[in-house]
Amino acid sequence: MSDANLLEAAVRTEFGKGAARRTRRAGNVPAVLYGHQAEPQHLSVNAQAFAAILREHGTNAVLNLVIDGKKQLALTKSVVVHPIRRYIEHADLLIIKRGEKVVADVHITLVGEAASGTLVTQDATTLSIEADALKLPEAIEVNIEGAEPGTQITAGAIELPKGVTLAADADTLVVNIIAAPAAAAEVEEAAEAESAE
């Protein structure tokens, strides 16, 4: 992890919309680094290098920032993407120290197929967890293989990797599996057709 995700960051001295636009035009992303009672630092990082790290490590990527020659570990806390043009508009970065626990939202991935004739609705796409800043899982898998109608999976029922604890409310509904409306209608139609014969 020593030199993984190395990202040069320049200190921004001008602020505001125009300055942010100029930063982006130069191929960089405006970012703010905060945490550990430090004054927030306004930085700019290379857009391509940053996007590549996010693609490889997900939205909770740990960065090895190099600011004026000094290294600083940071967690990507939030990334704002332009809704149409899809470029990164802004990023919030959180100062972290080795061995420190942080709370982050991690994507939920459903694996397996629910029982036939079911409709799977995912009420939450992310789960708030607490883990070592350098060992945050990229995603949490929830197995729905063979789940019958009426199955409800709450945050508290999800098996978490070792060293990861739930930060969300345990009662938060994540997955709800119901009988598929179309299947129910087909069964009724078939029954009606039989009685008509």
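Residues numbered from 1 in each chain as written. Predicted model: local features only at pLDDT ≥ 70, side-chain atom pairs only at ≥ 80, totals over all residues. Heavy atoms only, no water.

### Quick notes on the overall build of the protein
Here's step 1: When its secondary structure is counted, the protein shows three helices and 13 strands.
Here's step 2: In terms of overall dimensions, the protein is more spread out than a globule: its C-alpha atoms have a radius of gyration of 23 Å, far above the 16 Å expected for 197 residues.
Here's step 3: The principal-axis extents of the C-alpha atoms in the protein amount to approximately 80 × 40 × 25 Å.
Here's step 4: Taking all 197 residues of the protein together, the buried fraction comes to 35%.
Here's step 5: In the protein, the share of contacts with a sequence separation of at least 24, taken over all contacts with a separation of at least 6, comes to 63%.
Here's step 6: With the model as given, the accessible surface of the protein reaches about 11600 Å², and the carbon-plus-sulfur share is 50%. (Helix = DSSP H or I, 4+ residues; strand = E, 2+ residues; numbered from the N terminus. Rg over C-alpha atoms; globule rule 2.2 N^0.38 Å. Buried < 20%, exposed > 50% of the residue type's maximum accessible area, 1.4 Å probe, protein only. Contact = heavy atoms within 4.5 Å. Areas by Shrake-Rupley, 256 points an atom, 1.4 Å probe, with all protein chains shown as cover.)

### Some details on the sheet that holds strand β6 (residues 88-95)
Here's step 1: Strand order in the closed barrel formed by six strands is β1-β3-β2-β6-β5-β4, with mixed pairing between adjacent strands. For this sheet, the mean angle separating the axes of adjacent strands, direction not counted, is 45 degrees.
Here's step 2: Sheet topology places strand β1 (residues 6-11) next to strand β4 (residues 62-67); four bridges connect them, and they run parallel. Each residue of the ladder has a partner; that of Ala9, found in β4, is Ile67.
Here's step 3: Across the sheet, helix α1 (residues 17-25) is in contact with β2 (28-35), β3 (38-46) and β6; its angle to β2 comes to roughly 120 degrees.
Here's step 4: Where helix α2 (residues 47-57) meets the sheet, it contacts β1, β2, β3, β4, β5 (70-81) and β6, and its direction lies at approximately 100 degrees from that of β3. (Pairing = 2+ DSSP bridges. Axes fitted to C-alpha atoms, helices over the stretch in contact; angles between N-to-C directions.)

### Observations regarding the environment of Thr126
Here's step 1: Relative to the helices and strands, Thr126 resides in strand β9 (residues 126-132).
Here's step 2: A residue is classified by how much of its surface remains accessible, and Thr126, at 31% relative accessible area, is partly exposed.
Here's step 3: Beyond its immediate chain neighbours, meaning those up to four positions away, Thr126 contacts Asp105, Val106, His107 and Ile108.

### Observations regarding α1
Here's step 1: All of the buried residues in α1 are Ala19, Ala20 and Thr23. Angular distribution of buried residues about the axis of α1 spans 100 degrees; they occupy a single face of the element. Looking at α1, the residues exposed on the side facing more than 90 degrees away from the buried face are Lys17 and Arg25.
Here's step 2: Looking at the packing, one finds that the buried side of α1 touches β2 and β3.
Here's step 3: Two residues or fewer past α1, Gly27 is found with a positive phi of approximately 85 degrees. (Arc of directions from axis to C-beta.)

### Topic: the sheet that holds β9
Here's step 1: Taking strand neighbours across the sheet as the criterion, the four strands line up as β10-β7-β9-β12 in an open arrangement whose pairing is mixed. Each edge of the open sheet carries a strand with a single partner, namely β10 (139-143) and β12 (165-166).
Here's step 2: Alignment of strand β7 (residues 101-111) against β10, held across five bridges, turns out to be parallel. Each residue of the ladder has a partner; that of Leu110, found in β10, is Val142.

### Details of the pairing of β5
Here's step 1: Pairing of β4 with β5 involves six bridges; the strand directions are antiparallel. Residue pairing in the sheet places Leu63 in a bridge with Ala74 of β5.
Here's step 2: Connecting β4 to the next strand, β5, in antiparallel fashion are two residues, including Asp68 with a positive phi near 50 degrees.
Here's step 3: Across seven bridges, β5 lies against β6 in antiparallel orientation.

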